[in-house]
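As a plain string of letters, each chain reads:
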Amino acid sequence: MSSNPLKALVYQLRHEAAGIVSVELRPVAPATEFAQTVEAGAHIDLHLADGLSRSYSLTNPGERHRYVVAVTLDRASRGGSRYVHGQLRVGQTLSIGGPRNHFALDEAAPRSVLLAGGIGITPIYAMLQRLVALGRPAHLIYCAASRETAAFVPQIQALSAHSGGQLSVDWHFKSERGVRPALDALLGGQPEGTHFYCCGPLSMLDDYERACAQRDPAHVHLERFGAAPLPPAQTPETGYCVELRKSGKTVRVEPGVALLDALIDAGMNPDYSCREGVCGACEVKVISGDVDHRDLILTKQEQAANRSMMICVSGCRSGNLVLDF
Ligand code: FES
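Residues numbered from 1 in each chain as written. Predicted model: local features only at pLDDT ≥ 70, side-chain atom pairs only at ≥ 80, totals over all residues. Heavy atoms only, no water.

### Some details on the side chain of S22
For step 1, the next point in the chain: Position of S22 among the secondary structure elements: in strand β2 (residues 20-27).
For step 2, the next point in the chain: Of the polar contacts made by the side chain of S22, one reaches the side chain of E16; its length is 2.7 Å.
For step 3, the next point in the chain: For S22, the contacting residues outside a window of four places in its chain are Q12, L13, R14, E16, V68, V69 and A70. (Helix = DSSP H or I, 4+ residues; strand = E, 2+ residues; numbered from the N terminus. Polar contact = N/O pair within 3.5 Å; in protein donor to acceptor, adjacent residues only side chain to side chain. Contact = heavy atoms within 4.5 Å.)

### A look at the packing of helix α2 (residues 121-134) against helix α3 (residues 153-161)
Relative placement of two packed helices is described by the angle separating their axes and the distance separating the axes.
For step 1, the next point in the chain: The geometry of α2 relative to α3 is characterised by a closest axis approach of 10 Å and an angle of 20° between their N-to-C directions. Here α3 runs roughly parallel to α2, going by the angle between their axes. The chirality of how α2 crosses α3 is left-handed. In contact with I121, Y125, L128, Q129 and V132 of α2, α3 contributes Q155, I156 and L159.
For step 2, the next point in the chain: Here the residues of the contact of α2 with α3 are counted per class, giving six nonpolar, two polar and no charged. (Axes fitted to C-alpha atoms, helices over the stretch in contact; angles between N-to-C directions. Parallel < 35°, antiparallel > 145°, perpendicular 65-115°, else oblique. Left-handed = near helix turned anticlockwise from the far one by under 90°. Nonpolar A, V, L, I, M, F, W, Y, C, P; charged D, E, K, R; others polar.)

### Focus: the environment of R130
For step 1, the next point in the chain: Among the structural elements, R130 can be located in helix α2.
For step 2, the next point in the chain: Exposure remark for R130: the relative accessible area of 30% places this residue in the partly exposed category.
For step 3, the next point in the chain: Between the C-alpha atoms of R130 and A29, which are 101 residues apart in sequence, the distance is 28 Å.
For step 4, the next point in the chain: Each residue touching R130, except ones within four places of it in the same chain, is listed here: A40, P61, L105 and E107. (Buried < 20%, exposed > 50% of the residue type's maximum accessible area, 1.4 Å probe, protein only.)

### Focus: the pattern of salt bridges
For step 1, the next point in the chain: Going through the model one piece at a time under the given rule, you end up with 19 salt bridges.
For step 2, the next point in the chain: One salt bridge in this structure joins E24 and R66, with 3.2 Å as the shortest N-O distance. Placement of the pair is E24 in strand β2 and R66 in the loop between β4 (53-57) and β5 (67-72), with a sequence separation of 42 residues.
For step 3, the next point in the chain: Given a relative accessible area of 5%, E24 falls into the buried group. (Salt bridge = Lys/Arg side-chain N within 4 Å of Asp/Glu carboxyl O.)

### Re α3
For step 1, the next point in the chain: Among the residues making up α3, those that are buried are V153, I156, L159 and S160. The buried residues of α3 all sit within an arc of 120° when viewed along its axis, so they share a single face. When the buried face of α3 is taken as reference, the exposed residues oriented beyond 90 degrees from it are P154 and A161.
For step 2, the next point in the chain: Packing partners of the buried residues in α3 comprise α2, β8 (138-144) and β9 (167-173). (Arc of directions from axis to C-beta.)

### A short note on the environment of E24
For step 1, the next point in the chain: The spacing of E24 and S175 is 151 residues in sequence and 30 Å in space, taken between C-alpha atoms.
For step 2, the next point in the chain: In this view, E24 contacts L9, V10, Y11, Q12, R66, Y67 and V68; residues no more than four positions away in its chain are not counted.
For step 3, the next point in the chain: Here the side chain of E24 touches R26 through a polar contact of 2.7 Å, side chain to side chain.

### As for the domain arrangement of the protein chain
Put simply, an interface is often sized by how much accessible area is lost when its parts join up.
For step 1, the next point in the chain: When its domains are assigned, the protein chain resolves into domain 1 (6-100), domain 2 (112-224) and domain 3 (240-323).
For step 2, the next point in the chain: Taking the mean C-alpha position of each, domain 1 and domain 3 sit 27 Å from one another.
For step 3, the next point in the chain: Listed per partner, the contact involves seven residues of domain 1 and six residues of domain 3.
For step 4, the next point in the chain: Both faces considered, domain 1 and domain 3 share a buried interface measuring about 440 Å² in area, 32% of it formed by carbon and sulfur atoms.
For step 5, the next point in the chain: Taken together, the connections running from domain 1 to domain 3 amount to zero salt bridges.
For step 6, the next point in the chain: The interface formed by domain 1 and domain 3 includes three residue pairs in polar contact (both at pLDDT 80 or more).
For step 7, the next point in the chain: Of all the secondary structure elements, the ones that give two or more residues to the side of domain 1 that touches domain 3 are β3 (43-47) and β4.
For step 8, the next point in the chain: Take the side of domain 1 that touches domain 3: its biggest share by element is three residues, from β4.
For step 9, the next point in the chain: Among the residues making up the side of domain 1 that touches domain 3, the classes are represented as no nonpolar, three polar and four charged. (Domains from an automatic or database assignment. Buried area = accessible area lost by both parts, 1.4 Å probe.)

### A closer look at the layout of surface pockets
For step 1, the next point in the chain: In this structure, the second largest pocket spans a volume of roughly 900 Å³.
For step 2, the next point in the chain: Looking at the lining of the second largest pocket, its residues break down into 13 nonpolar, seven polar and eight charged. (1 Å grid on protein atoms, 1.4 Å probe; cavity = no way out; pocket = protein on both sides within 12 Å on 5 of 7 lines; lining within 4 Å. Points joined across faces, edges and corners; volume = space filled by probe spheres on them.)

### A look at the side chain of N60
For step 1, the next point in the chain: Within the secondary structure, N60 is located in the loop between β4 and β5.
For step 2, the next point in the chain: A polar contact of 2.9 Å, which involves the side chain of N60, links it to the side chain of E63.
For step 3, the next point in the chain: From its side chain, N60 meets the backbone oxygen of R66 in a polar contact 2.9 Å long.
For step 4, the next point in the chain: Excluding residues within four positions of it along the chain, N60 makes contact with V38, R66, Y67 and V68.

### Here we look at empty space enclosed by the protein
For step 1, the next point in the chain: Inspection of every chain in the model, using the stated rule, returns one cavity of 30 Å³ or more.
For step 2, the next point in the chain: One number sums up the size of the largest cavity: a volume of about 40 Å³.
For step 3, the next point in the chain: What lines the largest cavity is a set of 13 residues, and nearest its centre among them are C274, C279, G280, C282 and C312.

### Structural notes on the sheet that holds strand β18 (residues 320-323)
For step 1, the next point in the chain: Strand order across the open sheet formed by five strands is β13-β12-β18-β14-β16, with mixed pairing between neighbours. Because the sheet does not close on itself, it has two edges, and the strands there are β13 (249-253) and β16 (308-310). Between one strand axis and the next, the sheet turns by 40° as a mean value, whatever way the strands run.
For step 2, the next point in the chain: Taken together, the four bridges between strand β12 (residues 240-244) and β18 define a ladder with parallel strand orientation. Bridge pairing links C241 to N320 in β18. (Pairing = 2+ DSSP bridges.)

Okay, here's the thing in structure tokens:
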């Protein structure tokens, strides 16, 4: 959900690989552009049907005339990918939110190593295009079940071929290699100053975090597109009060109730999408309060700085919270 949704036309649906389609969205009014240019690593929210809202990474950095996302058909889908694959049609109008970027590329890095698992290639593919356009050295490790289920393989091969040797690729298709990639070896031995990026399934992200544990956290970037269930945020036994500075309201949050739901129940209209602390749609600036950060987006340093919080999963340990909302 978003308080400021945009309207977009489903302009094209394209088969990218087995079980993966890309969705090209354009402004509803012909010959117009979206207000924001696509940044590598950014995502948008698609508001699909009956309150169903999902975040998807954009694949086309530098463009404003269209937003392109790729969606894999997830067998465990709670509705989002099933809707896109089964019901979405060219010519339909969708509400969208964003773009937002919690997985930004450091364009000044002397070298970038990017690890993609399955559909996690979508933000990584956008980064590769940008790095090649900038002439920056980059290495991609692309893991997928098979070549047939891997999106953007021909496009990445063409990018590499035209990169003047700046982009190298290590393909890891399980059907061909039979084993999981040895991340310690693949990510090791990189020169000082290298930035690392990973987007993929939770098991890959865990391995990646372990393999990068000794590196400068400012050089280790990741994006999650689904989360293991998070433990509930701690709240005082008596609940807490939230003062909403902009709207001049005070809302009470009872124990066991998500701050997001308390605001919705109070008639507010906060942005949200994943409800899992992974998309950033519900981020709100914090003015004061002892926030119990439970999201998977902010770094530990950002959580300690306490300048903002994800209200879908995070709560407040003290009796009062003041938000810039
Ligand atoms: S709704 Fe996605 S982080 Fe809160």
